[in-house]
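Residue-level structural notes
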Amino acid sequence: MPRSVNSVAKRARRKKVLKQAKGYFGRRKNVWTVAKNAVDKAMQYSYRDRRNKKRTFRALWIMRINAGARLHGMSYSRFMGKLKANNIELNRKVLADLAMNNPEAFEAIVNKVK
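Summarised in this report is the structure supplied together with it. (Residues numbered from 1 in each chain as written. Predicted model: local features only at pLDDT ≥ 70, side-chain atom pairs only at ≥ 80, totals over all residues. Heavy atoms only, no water.)

Moving on, we get to the pattern of salt bridges. Pairing between side chains becomes possible if they bear opposite charge and their charged atoms approach one another. If you walk through the whole model with that rule in mind, you get one salt bridge. Note that R48 and D49 form a salt bridge whose closest N and O atoms lie 2.9 Å from each other. R48 gets classed as partly exposed once you look at its relative accessible area, which sits at 43%. Owing to a relative accessible area of 31%, D49 belongs among the partly exposed residues under this scheme. (Salt bridge = Lys/Arg side-chain N within 4 Å of Asp/Glu carboxyl O. Buried < 20%, exposed > 50% of the residue type's maximum accessible area, 1.4 Å probe, protein only.)

Another aspect to go through is the packing of aromatic side chains. In the structure shown here, the tally under the stated rule is two aromatic pairs. Aromatic side chains F57 and W61 sit 6.1 Å apart centroid to centroid with 45 degrees between the ring planes, which places their arrangement in the tilted category. In this pair, F57 and W61 both sit in helix 2 (residues 32-71), four residues apart, roughly one turn of the helix. Judged by its relative accessible area of 22%, W61 falls in the partly exposed class. Taken together, a centroid distance of 5.3 Å and an interplanar angle of 50 degrees make the contact between F79 and F106 tilted. (Phe/Tyr/Trp six-rings, centres within 6.5 Å; stacked < 30°, edge-to-face > 60°. Helix = DSSP H or I, 4+ residues; strand = E, 2+ residues; numbered from the N terminus.)

This part takes up unusual backbone geometry. Phi angles above zero are rare outside glycine, and N87 is one such case at about 55 degrees. Assignment of secondary structure puts N87 in the loop between helix 3 (76-85) and helix 4 (92-101).

Quick look at helix 2 now. The end-to-end C-alpha distance of helix 2, which contains 40 residues, comes to 57 Å, matching closely the 58 Å that a straight helix rising 1.5 Å per residue would cover. Largest kink in helix 2: about 30 degrees, centred on R50. If you check which residues of helix 2 are buried, you get A35, A38, V39, I65, G68 and A69. For helix 2, the elements touching its buried residues are helix 1 (7-20), helix 3, helix 4 and helix 5 (103-113). Downstream of helix 2 by one or two residues, G73 has phi in the positive range, about 75 degrees. (Expected span 1.5 Å × (residues − 1). Bend = angle between axes of the 7 residues up to and from the residue. Contact = heavy atoms within 4.5 Å.)

So, in structure tokens, the structure goes:
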């Protein structure tokens, strides 16, 4: 009995990976073995960095809240502690947005918790 090879599925798999490698430089975009490795690595980076993005945005929000709170003579940790004590449930994303784009509203929140 002759050997059976599923070339259709093989070609489809390769086309899928080469399509994902579109835009890469040099042989990474059109040579199967190089493109496969490049796409695998890119997928690892994208998985990792979807999680890292959450960390970096949280850090950015904390910096912005800290800067806004210090303009009104209060540190970040004291400000957040007093927010919790006064049962004001605004998350860091919203607080950072207020500190940057609406300083009057942020000042009202600071005055409320003082």
